[in-house]
Amino acid sequence: MYDYIKGKVDYIGPEYIVVENGGIGYQVMTPNPFIFSAQYQKEIQVFLYHYVREDMVALYGFQTRQEKALFTKLLNVTGIGPKGALAILASGQVDQVVQAIENEDESFLVKFPGVGKKTARQMILDLKGKLENIIPDAFPSLFNEGVTAAISPNGYTEELDEAILALKALGYSEKEVQKVAKKLQAEDMTTEQYIKKALQMMLR
């Protein structure tokens, strides 16, 4: 129904962004909302997937048509819903996901939250040989430079706190998140960078 929306980024949270267009704020679920931090209060274009089920209606947004295409393909796999598909895309390692499917690497796929051996096998059966239109370098990573934040009561910076919330929203457990958060505590990064680094660490 919808292909894309152009509007101003009015809000960025752990699970979604709000894009204002024509006086209306559209709640758009994205793989990593904080990747839009550099565009806060600026106009952007987000490619949309309109998800409709009996108990849920939502908009999912992506930076490229290729990313949207992969999300759509993942939704066709039995056992993967929107949340699981977002978690896979949030890794920022889409090329590795495609390669894992093509190489039937179940051990890599089961590292994503909600993906067990059965679902990993189903992903391979359903998608192998069907992802040729997914181009790895079509998934840019936007980084914010020189951001400094105050330290929160738990000893983490505001950016790391936001990253922790985003990781939990993707389905990672408190134990998994805290394990990598402690390792990242000494780093000076933006929220988006923390999320990307944490996901890379959990997928090793």
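Small disclaimer: the values here were computed from a predicted structure and weren't measured.

Engineer: What exactly am I supposed to notice about unusual backbone geometry here?
Structural biologist: Trans is the common state for peptide bonds, and a negative phi is the common state for residues other than glycine. Although it is not a glycine, Gln41 sits at a positive phi angle of roughly 65°. Relative to the assigned elements, Gln41 resides in the loop between β3 (24–29) and β4 (43–53). Judged by its relative accessible area of 35%, Gln41 falls in the partly exposed class. The phi dihedral of Glu104 falls on the positive side, at around 55°, and the residue is not glycine. Tracing the backbone through its elements, the reader meets Glu104 in the loop between α3 (94–102) and α4 (106–109). With relative accessibility at 37%, the residue Glu104 sits in the partly exposed group.

Engineer: Just to check I follow, could you spell out the packing of helix α6 (residues 158–169) against helix α7 (residues 174–184) for this structure?
Structural biologist: When two helices pack together, their arrangement is captured by the angle between the axes and the distance separating the axes. Closest axis-to-axis distance for the α6/α7 pair is 10 Å, and the angle between their directions is 155°. In terms of orientation, α6 and α7 fall into the roughly antiparallel class. Relative to α7, α6 is oriented so that their crossing is right-handed. The segment α6 lies against α7, with Leu160, Ile164, Leu167 and Lys168 engaging Glu174, Val177, Gln178, Ala181 and Leu184. Looking at the contact of α6 with α7, its residues break down into six nonpolar, one polar and two charged.

Engineer: It is not clear to me how the pairing of β4 should be interpreted in this structure. Could you clarify?
Structural biologist: Regular strands have side chains that alternate between both faces of the sheet. Pairing of strand β1 (residues 4–12) with β4, which is carried by five bridges, proceeds in the antiparallel orientation. Bridge pairing links Lys6 to Gln45 in β4. Where β4 and strand β5 (residues 56–62) come together, seven bridges link them in antiparallel fashion. Residue pairing across strands places Val52 opposite Val57, the latter belonging to β5. Counted along the chain from β4 to the antiparallel partner β5, the turn is two residues long.

Engineer: Mind showing me how you'd approach the sheet that holds strand β2 (residues 16–21) here?
Structural biologist: Strand pairs in the sheet, formed through backbone hydrogen bonds, run parallel or antiparallel to each other. Ordered in space as β1-β2-β3-β5-β4, the five strands form a closed barrel in which the pairing is mixed. Adjacent strand axes in the sheet meet at a mean angle of 55°, parallel and antiparallel pairs treated alike. With four bridges connecting them, β1 and β2 associate as antiparallel partners. Residue Val9 lies in a different strand from β2, and its bridge partner there is Val19. Of the strands in this sheet, β1, β4 and β5 are in contact with helix α1 (residues 65–75), which crosses β4 at around 15°. In the packing of helix α2 (residues 82–90) onto the sheet, contacts are made with β3, β4 and β5, and the angle to β5 comes to roughly 15°.

Engineer: Quick question: what am I supposed to make of α6 here?
Structural biologist: Residues spaced three or four apart along an α-helix point in a common direction, a consequence of the helix completing one turn every 3.6 residues. Over its twelve residues, α6 extends 17 Å from the first C-alpha to the last, a length consistent with the 16 Å expected when each residue adds 1.5 Å. Listing the buried residues of α6 in full gives Glu159, Leu160, Ala163, Ile164, Ala166, Leu167 and Ala169. As for α6, its buried residues are in contact with α2, α7 and α8 (191–202). With its phi angle positive at about 115°, Gly171 sits one or two positions after the end of α6.

Engineer: I tried to follow the packing of aromatic side chains on my own but got confused; where do I start?
Structural biologist: Remark: the centre distance and the inter-plane angle together describe each pair of aromatic rings, the angle taken between the planes. Applying the stated rule across the entire model yields seven aromatic pairs. Judged by centre distance (6.2 Å) and plane angle (70°), the rings of Tyr4 and Phe47 are edge-to-face. With a gap of 43 residues between them, Tyr4 in strand β1 and Phe47 in strand β4 connect regions that are remote in the sequence. Centre to centre, the rings of Tyr51 and Tyr60 are 5.9 Å apart; their planes meet at 85°, and the pair counts as edge-to-face. Connected via pairs of aromatic rings, a cluster forms that spans Tyr49, Tyr51, Tyr60, Phe62 and Phe71.

Engineer: How do you make sense of the UniProt feature "domain: Helix-hairpin-helix DNA-binding motif class" (unreviewed entry) in the protein when you look at a structure like this?
Structural biologist: Per the UniProt annotation, the sites labelled "domain: Helix-hairpin-helix DNA-binding motif class" (unreviewed entry) are residues 72–91 and 107–126. The distance separating the terminal C-alpha atoms of residues 72–91 is 17 Å; by composition the span is 65% helix and 0% strand. Annotated as residues 107–126, this span is 65% helix and 0% strand, and its ends, taken at the C-alpha atoms, are 17 Å apart.

Calculation rules
Residues numbered from 1 in each chain as written. Predicted model: local features only at pLDDT ≥ 70, side-chain atom pairs only at ≥ 80, totals over all residues. Heavy atoms only, no water. Helix = DSSP H or I, 4+ residues; strand = E, 2+ residues; numbered from the N terminus. Buried < 20%, exposed > 50% of the residue type's maximum accessible area, 1.4 Å probe, protein only. Axes fitted to C-alpha atoms, helices over the stretch in contact; angles between N-to-C directions. Parallel < 35°, antiparallel > 145°, perpendicular 65-115°, else oblique. Left-handed = near helix turned anticlockwise from the far one by under 90°. Contact = heavy atoms within 4.5 Å. Nonpolar A, V, L, I, M, F, W, Y, C, P; charged D, E, K, R; others polar. Pairing = 2+ DSSP bridges. Expected span 1.5 Å × (residues − 1). Phe/Tyr/Trp six-rings, centres within 6.5 Å; stacked < 30°, edge-to-face > 60°. UniProt positions renumbered as here; feature names shortened; annotations may be inferred.

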